[in-house]
Structure formats: C-alpha cells, structure tokens
Amino acid sequence: MKNQATNQTKFHAVAKPLALTMLFSAMFALSACSNDEAPQSTAETEKPAAQNAMDVKQPEPKPAPQPTLQQQTEDTAAKAAETISTAKEEVKQEVEKQVAEAAPAGATVYATCVGCHGAKGEGGMGPNLSSQTPADIVAKLKKYKAGEQMGPMTGVMAPMAAGLSEEDMQAVAEYVVTLK
Ligand code: HEC
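For the structure given in this document, a descriptive report is provided here. (Residues numbered from 1 in each chain as written. Predicted model: local features only at pLDDT ≥ 70, side-chain atom pairs only at ≥ 80, totals over all residues.)

### A short note on the nonpolar core
Here comes step 1: With 17 residues, the main nonpolar core has Tyr110, Ile137, Leu141, Met169, Val172, Ala173 and Val176 as its most contacted residues.
Here comes step 2: Mapped by element, the contributors of at least two residues to this core are helix 4 (105-110), helix 6 (134-146), helix 7 (154-162) and helix 8 (166-176).
Here comes step 3: Top contributing element to this core by residue count: helix 8, with 6 residues. (Core = buried A, V, L, I, M, F, W, Y, C linked by C-beta atoms within 7 Å. Buried ≥ 20, exposed ≤ 12 C-beta atoms within 10 Å, placed from the backbone. Helix = DSSP H or I, 4+ residues; strand = E, 2+ residues; numbered from the N terminus.)

What follows is the structure, given as structure tokens:
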C-alpha cells in the first residue's frame, strides 16, 4: 500500500506538469491554425493523461491560455497591419512629393505648346524654341503676356503666354531646350 501510494504521488507529480505542458503546446499550435475540428481530436488524445493526472482540475487552465494567445496573435497582426499601412501612406506621400518636384512642370506646360512648336521644340506653326536659351524664351513670353507686338502672328501666341505664370515660363523654357 505504501509503495503504491508513493508511486501514485510520483505519477501525479510527473504526469500533471507533463499533461499541462502538452495541453498548452497543443493549444498554442492550434491557436495559430484553424480551430474547427482540431481542438476536439487533440483534447481527446490528451484526455487519458489528463484524467490520470487530475480529473477535476485539468480543464481549469483551458480558458486562460487560449484567449491570451489569440489576443497576442491578433494584437501582433493588428500592429503589423497598422505599420504596413502607415508605411504605405508615407511612401505614397513621398513618391507624390518627388513626382511633383521632379516631374518637369515644364513638360506639363509644354503639352499645350507642342502642337505649334513641335515635339522637339523644332518649330512648326511657331518658331523653333529648342535652339534658344531659356532666358530668351522667358523674356519673349513675358513680352507676349504684356501684350507687346512681336512678330506678324503675335495674335496667335499672345493668348498662349497670357495663361502662363512666371514659374510656368521658366519651367517650360528650361524644359523645351532639353528636347533637341
Ligand atoms: C496655336 C499655336 C501656338 C501655340 C499653342 C503656342 N505657340 Fe508659341 N508661337 C506661335 C507663333 C505663331 C509664334 C510666333 C508669333 C509671332 O509672330 O510673334 C510663337 C512664338 C513663340 C515664342 C517666341 C519665339 C521667337 O523666337 O520669337 C515663344 C518663346 C513661344 N511661342 C513659346 C510658346 C510656349 C511656351 C507655348 C506653350 C505655352 C506656346 N508658344 C504655344 C504659336 C503657338
């Protein structure tokens, strides 16, 4: 009797932590996967050990770890998602900023001039622009905008210059000389 009791105590001392450890590991693994059918089969596999160890107290730790681990996983996922979306937004803003700065404003302006001054500023209905200096181009544009009579076709060009700001003139002048 005495030996049996000692053996039983030993068994309890070893089996209980062992069973708990196995249960926790199983739950941890399951919390990462789909928990539709898996928890049942594992619970059944673990049951004999759990029953042998301590039938009554065994189920108690169950609810505690699962929400904690799930919560942690969800928190981590939420944080990761937040970090990613923040990073995305920052990259987007940075790219937009760089595009706005670098993308030649002159190219945008020149889109309205290309029909008369040529794809390479070589001239067409209007004179060649790409062989001139940006300073000359800006100076002439200012004169058109100011309403000065320039060449015989000033009436065609003046309305085009009238809509340009000084920044537009500078940008388009610097852009058009790069086309040749
Ligand atoms: C509808 C056709 C047309 C468009 C569009 C047009 N131009 Fe002109 N441009 C002309 C003509 C024609 C002249 C010559 C006008 C004259 O006889 O004074 C001219 C003259 C100029 C001159 C003076 C060139 C020189 O050497 O005398 C500049 C600079 C110029 N254009 C720039 C531009 C810019 C920049 C744009 C776009 C914002 C533009 N033009 C759009 C027809 C056009």
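### Some points on helix 6
Here comes step 1: Taking 1.5 Å of rise per residue, the 13 residues of helix 6 would be expected to cover 18 Å, and the 18 Å separating its terminal C-alpha atoms lies within 8% of that figure.
Here comes step 2: The complete set of buried residues in helix 6 reads Ile137, Val138, Lys140, Leu141 and Tyr144. Projected down its long axis, helix 6 carries its buried residues within an arc of 165°, all on one side. Turned more than 90 degrees away from the buried face of helix 6, the exposed residues are Ala135 and Ala146. (Expected span 1.5 Å × (residues − 1). Arc of directions from axis to C-beta.)

### Considering the site of the ligand
Here comes step 1: Around the ligand there are 23 residues in total, and Cys113, Cys116, Gly126, Gly151 and Met153 lie nearest to it.
Here comes step 2: Counting residues per element, the ones that place at least two in the shell around the ligand are helix 5 (114-117), helix 6 and helix 7.
Here comes step 3: Residue contributions to the shell around the ligand peak at 4 residues, all from helix 7.
Here comes step 4: Among the residues making up the shell around the ligand, the classes are represented as 16 nonpolar, 6 polar and 1 charged. (Near = placed C-beta within 6 Å. Nonpolar A, V, L, I, M, F, W, Y, C, P; charged D, E, K, R; others polar.)

### So, the packing of helix 6 against helix 7
Here comes step 1: Where helix 6 meets helix 7, the closest approach of the two axes is 8 Å, and the angle between their N-to-C directions is 100°. The angle between helix 6 and helix 7 places the two elements in the roughly perpendicular class. Along the contact surface, helix 6 presents Leu141, Tyr144 and Lys145, while helix 7 presents Thr154, Met157, Ala158, Ala161 and Ala162.
Here comes step 2: Residues of the contact of helix 6 with helix 7, tallied by class, amount to 6 nonpolar, 1 polar and 1 charged. (Axes fitted to C-alpha atoms, helices over the stretch in contact; angles between N-to-C directions. Parallel < 35°, antiparallel > 145°, perpendicular 65-115°, else oblique. Contact = placed C-beta atoms within 7 Å.)

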